[in-house]
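What follows is the residue order along each chain.
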Amino acid sequence: MESRLRVQGHPIQPMLVTFPFGLFVSAAVFDLADVAGGPAFLGEVGYWTAVAALVAAALTTVAGMVDLWDVRADRTRRTAVTFNLVNAAMAALFLLTCLIRARAPQRGATGVELATEVLALAVGSVGVWLGARLMRQFDRRRTAEPSGFEALPDIPGSTVEIIRPRA
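Residues numbered from 1 in each chain as written. Predicted model: local features only at pLDDT ≥ 70, side-chain atom pairs only at ≥ 80, totals over all residues. Heavy atoms only, no water.

1. Some details on the packing of helix H3 (residues 41–68) against helix H4 (residues 75–102)
The interhelical angle for the contact between H3 and H4, taken along N-to-C directions, is 155 degrees, at an axis separation of 10 Å. For the element pair H3 / H4, the angle class is roughly antiparallel. The two elements H3 and H4 cross, and the hand of that crossing is left-handed. Of H4, the residues touching H3 (which contributes Gly43, Gly46, Tyr47, Ala50, Val51, Leu54, Ala57, Gly64, Met65 and Leu68) are Arg77, Ala80, Val81, Asn84, Ala91, Phe94, Leu95, Cys98, Arg101 and Ala102. (Axes fitted to C-alpha atoms, helices over the stretch in contact; angles between N-to-C directions. Helix = DSSP H or I, 4+ residues; strand = E, 2+ residues; numbered from the N terminus. Parallel < 35°, antiparallel > 145°, perpendicular 65-115°, else oblique. Left-handed = near helix turned anticlockwise from the far one by under 90°. Contact = heavy atoms within 4.5 Å.)

2. What to know about the layout of surface pockets
Taken as a whole, the second largest pocket spans an internal volume of roughly 350 Å³. As for the second largest pocket, its lining consists of 23 residues, of which Gln13, Val17, Thr60, Phe83 and Asn87 are closest to the centre. Residue assignment for the lining of the second largest pocket shows that the elements contributing at least two residues are helix H1 (13–16), helix H2 (18–35), H3, H4 and helix H5 (111–141). Its residues assigned to classes, the lining of the second largest pocket shows 14 nonpolar, 9 polar and no charged. (1 Å grid on protein atoms, 1.4 Å probe; cavity = no way out; pocket = protein on both sides within 12 Å on 5 of 7 lines; lining within 4 Å. Points joined across faces, edges and corners; volume = space filled by probe spheres on them. Nonpolar A, V, L, I, M, F, W, Y, C, P; charged D, E, K, R; others polar.)

3. Re the packing of aromatic side chains
In the structure shown here, the tally under the stated rule is 2 aromatic pairs. When the ring of Phe24 is compared with that of Phe94, the centres are 4.2 Å apart and the planes differ by 20 degrees; the resulting orientation is stacked. Highlighted residues: Phe24 in helix H2 and Phe94 in helix H4, separated in sequence by 70 residues. Accessibility expressed as a relative area gives 0% for Phe24, which makes it buried. Ring plane angle 80 degrees and centroid distance 4.9 Å describe the contact between Tyr47 and Trp48, whose orientation is recorded as edge-to-face. (Phe/Tyr/Trp six-rings, centres within 6.5 Å; stacked < 30°, edge-to-face > 60°. Buried < 20%, exposed > 50% of the residue type's maximum accessible area, 1.4 Å probe, protein only.)

4. Concerning the pattern of salt bridges
This structure, assessed with the given rule, holds 3 salt bridges. A salt bridge links Arg101 to Asp31, with the shortest nitrogen-to-oxygen separation between them at 2.7 Å. Separated by 70 residues along the polypeptide, Arg101 in helix H4 and Asp31 in helix H2 bring together distant segments of the chain. Taken as a pair, Arg101 and Asp31 share a single burial class, namely buried. Its salt-bridge partner being Arg107, residue Glu44 comes within 3.5 Å of it at the nearest N-O pair. Residue Glu44 is found in helix H3, and its partner Arg107 is found in the loop between H4 and H5; the two are separated by 63 residues along the sequence. The class for Arg107 is partly exposed, based on a relative accessible area of 23%. Each of the salt bridges in this network shares a partner with another, and the network as a whole consists of Asp31, Arg101 and Glu117. (Salt bridge = Lys/Arg side-chain N within 4 Å of Asp/Glu carboxyl O.)

5. A few points about the side chain of Asp34
Here Asp34 is to be found in helix H2. Buried charge without a partner: Asp34 forms no salt bridge, and the closest opposite charge is Arg101, 5.6 Å away. What Asp34 contacts, discounting residues up to four positions off in sequence, is Pro39, Ala40, Leu42, Gly43, Gly108 and Ala109. (Lys, Arg positive; Asp, Glu negative; His and termini not counted.)

6. A short note on the packing of H2 against H3
Orientation of H2 relative to H3, taken along the N-to-C sense of each, is 165 degrees, at an axis distance of 8 Å. Put simply, H2 runs roughly antiparallel to H3. Along this stretch, H2 crosses H3, giving a crossing that reads as left-handed. Broken down by class, the residue content of the contact of H2 with H3 amounts to 16 nonpolar, 5 polar and 2 charged.

7. Some remarks on the environment of Ala63
Looking at where Ala63 falls in the secondary structure, it is placed in helix H3. Judged by its relative accessible area of 3%, Ala63 falls in the buried class.

8. Here's the deal with the side chain of Glu117
With respect to the element layout, Glu117 can be found in helix H5. A relative accessible area of 0% places Glu117 in the buried class. Engagement of the side chain of Glu117 in a polar contact is seen with the side chain of Arg101, the distance being 3.2 Å. In this structure Glu117 touches Ala27, Ala28, Asp31, Phe94, Thr97 and Arg101, once residues within four positions along its chain are discounted. (Polar contact = N/O pair within 3.5 Å; in protein donor to acceptor, adjacent residues only side chain to side chain.)

Right under this line is the structure:
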């Protein structure tokens, strides 16, 4: 599968998917600190971090749907659809907690909201596993294409140095 959305030959969606998950984890950590008795502003930071994660998840979903357009109807497509649905479920759980907290004056988390976020992260962990599986399936299909360092284009003036691993 060739992704339609690429930056210098690399698909965008696998790069983007790390942002919402990392932000969701950070939001849960801030909320845990708030529920555990930390300063009240930690709950506010957790709320806004979750909002930023929802924005990143929306952008990632758009990129994933564009890439899903070209996937053949086989096991890889089923994995890709499941991956997107699992990530949407994680985002939906965080959206639920954000909507509940939006009405609160301090926007701090409660124990129930923190438990919902932990459940969402557990669902998201399944998404991470599916994403890794999906990348392995895509890599198996690319056997006709060059792999390793010969697959990298010559980019004049590149600031990235590529060092070959030791054997």
